[in-house]
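Coordinates in review
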Number of protein chains: 2
Amino acid sequence: MPYDPSAFPPFAVTVDLVVLTVRRHALCALAVRRGEQPFQGRWALPGGFVREDEDLAAAAARELVEETGLLAHDPTLPAPPNGAHLEQLATYGDPERDPRMRVVSVAHLALAPDLPAPRAGGDANSARWAPVESLLDQENAYGREIGHGEPLAFDHDRILADGVERARSKIEYSSLATAFCPGEFTVGELRRVYEAVWGVALDPRNFHRKVTGTPGFLVPTGGTTTRQGGRPAQLFRAGGATVLNPPMLRPDV
Amino acid sequence: MPYDPSAFPPFAVTVDLVVLTVRRHALCALAVRRGEQPFQGRWALPGGFVREDEDLAAAAARELVEETGLLAHDPTLPAPPNGAHLEQLATYGDPERDPRMRVVSVAHLALAPDLPAPRAGGDANSARWAPVESLLDQENAYGREIGHGEPLAFDHDRILADGVERARSKIEYSSLATAFCPGEFTVGELRRVYEAVWGVALDPRNFHRKVTGTPGFLVPTGGTTTRQGGRPAQLFRAGGATVLNPPMLRPDV
DNA sequence: GCAAAAGTGTTGTAACTACACCCATGA
DNA sequence: TCATGGGTGTAGTTACAACACTTTTGC
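Predicted, not measured: the structure shown is a model, and the values here were computed from it. (Residues numbered from 1 in each chain as written. Chains lettered and ligands numbered in written order. Predicted model: local features only at pLDDT ≥ 70, side-chain atom pairs only at ≥ 80, totals over all residues. Heavy atoms only, no water.)

Scanning chain A for helices and strands turns up 5 helices and 10 strands. For chain A, with 253 residues in total, the buried portion stands at 51%. Look at the contacts in chain A between residues 6 or more apart in sequence, and 65% of them connect residues 24 or more apart. Summing over all exposed atoms, chain A offers an accessible surface of approximately 11800 Å²; the carbon and sulfur share of this is 51%. (Helix = DSSP H or I, 4+ residues; strand = E, 2+ residues; numbered from the N terminus. Buried < 20%, exposed > 50% of the residue type's maximum accessible area, 1.4 Å probe, protein only. Contact = heavy atoms within 4.5 Å. Areas by Shrake-Rupley, 256 points an atom, 1.4 Å probe, with all protein chains shown as cover.)

Attention now moves to the protein's contact with DNA strand D. Of all residues adjacent to DNA strand D, which total 24 residues, the nearest are R209(A), G230(A), R231(A), K210(B) and R231(B). Sugar plus phosphate, as a fraction of atoms of DNA strand D within 4 Å of the protein: 49%. Contact distances for DNA strand D include 3.4 Å between a phosphate oxygen and a side-chain N or O atom of R191(A). Only α4 (187–198), α5 (204–213) and β10 (233–238) of chain A together with α5 (204–213) of chain B provide two or more residues apiece to the surface near DNA strand D. With 4 residues, the top contributor of residues to the surface near DNA strand D is α5(B). Among the residues making up the surface near DNA strand D, the classes are represented as 6 nonpolar, 8 polar and 10 charged. (Near = heavy atom within 4 Å. Polar contact = N/O pair within 3.5 Å; in protein donor to acceptor, adjacent residues only side chain to side chain. Nonpolar A, V, L, I, M, F, W, Y, C, P; charged D, E, K, R; others polar.)

The partner chain A presents 33 residues to the 32 residues of chain B that form the contact. Of the roughly 2700 Å² buried where chain B meets chain A, counting both sides, 62% is carbon and sulfur surface. The interface formed by chain B and chain A includes 0 salt bridges. Here chain B is connected to chain A by 12 residue pairs in polar contact (both at pLDDT 80 or more). Of all the secondary structure elements, the ones that give two or more residues to the side of chain B that touches chain A are β1 (12–23), β6 (84–92) and β7 (103–111) of chain B. Sorting elements by how many residues they give to the side of chain B that touches chain A places β6(B) first, with 4 residues. Looking at the side of chain B that touches chain A residue by residue, the class counts come to 19 nonpolar, 4 polar and 9 charged. (Buried area = accessible area lost by both parts, 1.4 Å probe. Salt bridge = Lys/Arg side-chain N within 4 Å of Asp/Glu carboxyl O.)

Residues and elements named next belong to chain A. With respect to the helices, strands and loops of the structure, Q228 is situated in the loop between β9 (218–225) and β10. What makes Q228 partly exposed here is its relative accessible area of 46%. Linking Q228 and G188, residues 40 residues apart in sequence, is a C-alpha distance of 8.6 Å. Apart from the residues within four sequence positions on either side, Q228 is in contact with E189 and R192. At a separation of 3.0 Å, a polar atom in the side chain of Q228 contacts the side chain of E189.

Structurally, the α-helix is built with 3.6 residues per turn, so residues lying three or four positions apart point the same way. Residues and elements named next belong to chain A. Over its 13 residues, helix α1 (residues 56–68) runs 18 Å from end to end, which matches the ideal 18 Å to within 8%, given 1.5 Å per residue. All of the buried residues in α1 are L56, A59, A60, R62, E63, L64, E67 and T68. One or two residues past the end of α1 sits G69, with phi positive at roughly 80 degrees. (Expected span 1.5 Å × (residues − 1).)

Residues and elements named next belong to chain B. Their axes nearest at 9 Å, the elements helix α3 (residues 156–173) and helix α4 (residues 187–198) cross at an angle of 145 degrees. Note on packing geometry: the crossing formed by α3 with α4 is left-handed. Residues R168, I171 and E172 of α3 pack against Y194, V197 and W198 of α4. Split by residue class, the contact of α3 with α4 holds 4 nonpolar, no polar and 2 charged. (Axes fitted to C-alpha atoms, helices over the stretch in contact; angles between N-to-C directions. Left-handed = near helix turned anticlockwise from the far one by under 90°.)

Residues and elements named next belong to chain B. Compared with the 16 Å implied by 1.5 Å per residue over 12 residues, the 17 Å span of α4 between its first and last C-alpha is a close match. Of all 12 residues in α4, 11 are buried, a share of seventy percent or more. V187, G188, E189, L190, R191, V193, Y194, E195, A196, V197 and W198 are the residues of α4 that are buried. Downstream of α4 by a residue or two, G199 has a phi angle that is positive, lying close to 70 degrees.

Let's shift gears to the environment of L160(A). All names here are of chain A. Its location among the elements puts L160 in helix α3 (residues 156–173). For the pair L160 and L136, spaced 24 residues apart in sequence, the C-alpha separation works out to 8.0 Å. Residues in contact with L160, not counting those within four places in the same chain, are V18, L20, A29, L45, V132, L135, L136 and L152.

On to the protein's contact with DNA strand C, then. Within the structure, DNA strand C sits among 24 residues, and R205(A), N206(A), K210(A), R231(A) and R209(B) are positioned closest to it. Considering DNA strand C, the proportion of its atoms within 4 Å of the protein that are sugar or phosphate atoms stands at 51%. The side chain of N206(A) places a nitrogen or oxygen atom 2.8 Å from a base nitrogen of DNA strand C. Here a base oxygen of DNA strand C and a side-chain polar atom of R231(A) are 3.3 Å apart. Counting residues per element, the surface near DNA strand C draws most heavily on α5(A), which supplies 4 residues. Of the residues that constitute the surface near DNA strand C, the class distribution is 6 nonpolar, 8 polar and 10 charged.

Residue and element names in this part refer to chain A. Enumeration according to the criterion identifies 30 salt bridges over all chains in this entry. Residues R62 and E63 are paired through a salt bridge, measuring 3.4 Å at the closest nitrogen-oxygen approach. Since its relative accessible area comes to 16%, R62 is described here as buried. The shortest N-O distance in the salt bridge between E87 and K170 comes to 2.6 Å. Taken together, the residues span a long stretch of sequence, with E87 in strand β6 (residues 84–92) and K170 in helix α3 at a distance of 83 residues. Within the structure, one salt-bridge network assembled from shared partners comprises E54, R62, E63 and E66.

Looking now at the relation of the copies chain B and chain A. Note on the copies: chain B fits chain A at an RMSD of 0.1 Å, the axial shift is 0.0 Å, and the rotation between them is 180 degrees. Classification of the inter-copy transformation places it as that of a two-fold axis. Most of the interface of chain B is mirrored in chain A, where 100% of its interface residues again form contacts. (Least-squares fit on C-alpha atoms with pLDDT ≥ 70 in both.)

Structure (structure tokens):
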């Protein structure tokens with residue numbers, strides 16, 4: 001029983017991705033350069049049309065693989081090592097958001113460990129990691145490498161800001177911060193993730209007690225490493241816990 | 001520069017509403033009876049197609065007025081008296097979710113104070129408030145007034161469950177519970193909202209200290225009431241605070 | 001007076017902040 | 001030996017649960 005297409009307005013549906021990672025102690029997002037109109041040459045979030053018989057989550061996972069090579073995992077489970085966490089963020093459907101036509105975009109948020117380099121057909125000029133601060137802060141935009149003060153294409157500034165805010169609040173009460181870490185990591189490396197995402201300094205001693213004392217958050221692998229220098233640190237991997245109770249406390253706010 | 005319509009698959013886009021309220025000490029959702037195929041005669045969430053030049057939030061607000069007469073307010077502000085809180089919930093786009101065609105539904109969550117009665121063209125048999133427990137609990141479904149064990153139409157069971165979960169967690173750390181209350185209310189009435197939404201009993205004495213001690217949550221109006229019996233209680237209205245810090249603590253969980 | 005709901009006081013405990021201090025490695 | 005980061009101990013504080021207890025109304 002197909003519907004009369006004149007009974008409802010047709011929409012295009014896309015997925016856009018906010019892919020976040022922590023590089024060199026800064027929270028970074030994946031940006032791609034647009035090759036076509038509109039906003040040709042401007043930076044944008046990766047994304048694309050949802051296919052005819054494709055679920056929204058499947059479309060987001062497909063785009064994620066195309067842009068980063070990362071596999072996504074079930075968001076109800078804790079992030080496994082070296083896979084990305086992927087979850088739906090929000091949907092944006094302002095009638096004016098795309099000048100060509102009516103497009104509704106279902107934005108997704110992905111959290112990834114630090115990667116060698118982005119890939120977008122191997123073209124280094126068309127995809128890169130940029131600190132979210134430089135992408136979003138249009139006031140102090142002069143002299144920065146990406147964007148040069150230009151906003152992102154479409155409403156992607158707002159989508160990126162929403163994704164960053166979601167990540168910042170979600171690592172408070174969930175174990176999601178481990179999705180930014182490689183398969184095995186130290187407490188110090190996890191702390192630097194929190195510091196980069198929140199933009200604050202945390203007391204290393206209290207942080208250590210807190211995360212090792214929360215049941216199911218971290219499980220020791222038995223190994224140690226000195227890759228950060230100093231005294232050898234225990235290696236951990238993410239435990240089964242997905243929700244942190246009590247939560248990590250973000251200073252001030 | 002219109003787009004080539006053959007370059008992307010056309011979708012229908014709808015908004016569906018999870019409208020929650022507290023009646024007779026139970027968390028209730030608005031359900032409407034479907035008058036047409038598919039799922040004719042089954043209960044469903046209210047909703048409808050997004051119009052040609054309509055924003056998603058505007059479509060949700062329009063549906064809310066049509067079904068309840070309630071005006072929606074800016075979700076970034078605290079809920080004003082006798083208006084509904086409305087926020088985007090999530091988007092559902094399984095290719096099989098509507099047997100007729102490809103439909104993507106942007107679900108919204110609305111929280112409303114107790115209303116006289118729902119209105120759907122004045123037809124009392126086609127729209128009503130039902131306890132969410134009876135709508136969702138398909139195990140113990142015998143003997144209940146609505147649904148009689150039948151799931152809701154489409155994937156509305158899942159949408160309703162997601163909306164209820166959102167409401168349950170959001171009243172922990174925001175002042176949203178006041179959206180379930182009339183313009184002026186007592187601490188005891190607010191406590192009964194929490195008890196109904198969470199399905200737990202709270203200590204009235206600690207609750208009172210907690211909510212009156214959180215700056216900006218409640219502001220006294222000066223009046224008192226004895227409508228609940230017993231000693232006269234102070235009347236309050238919602239304060240300017242939208243985020244509760246420290247949060248209300250939900251027992252167990 | 002009695003029931004019912006509002007509101008206050010108190011005590012023990014969990015969990016946090018802030019900081020002093022020690023440990024194990026590489027250079 | 002020193003610098004560097006890893007990890008433990010301890011004291012003061014906040015916020016909470018779990019009560020006992022008092023207050024003010026309607027009946």
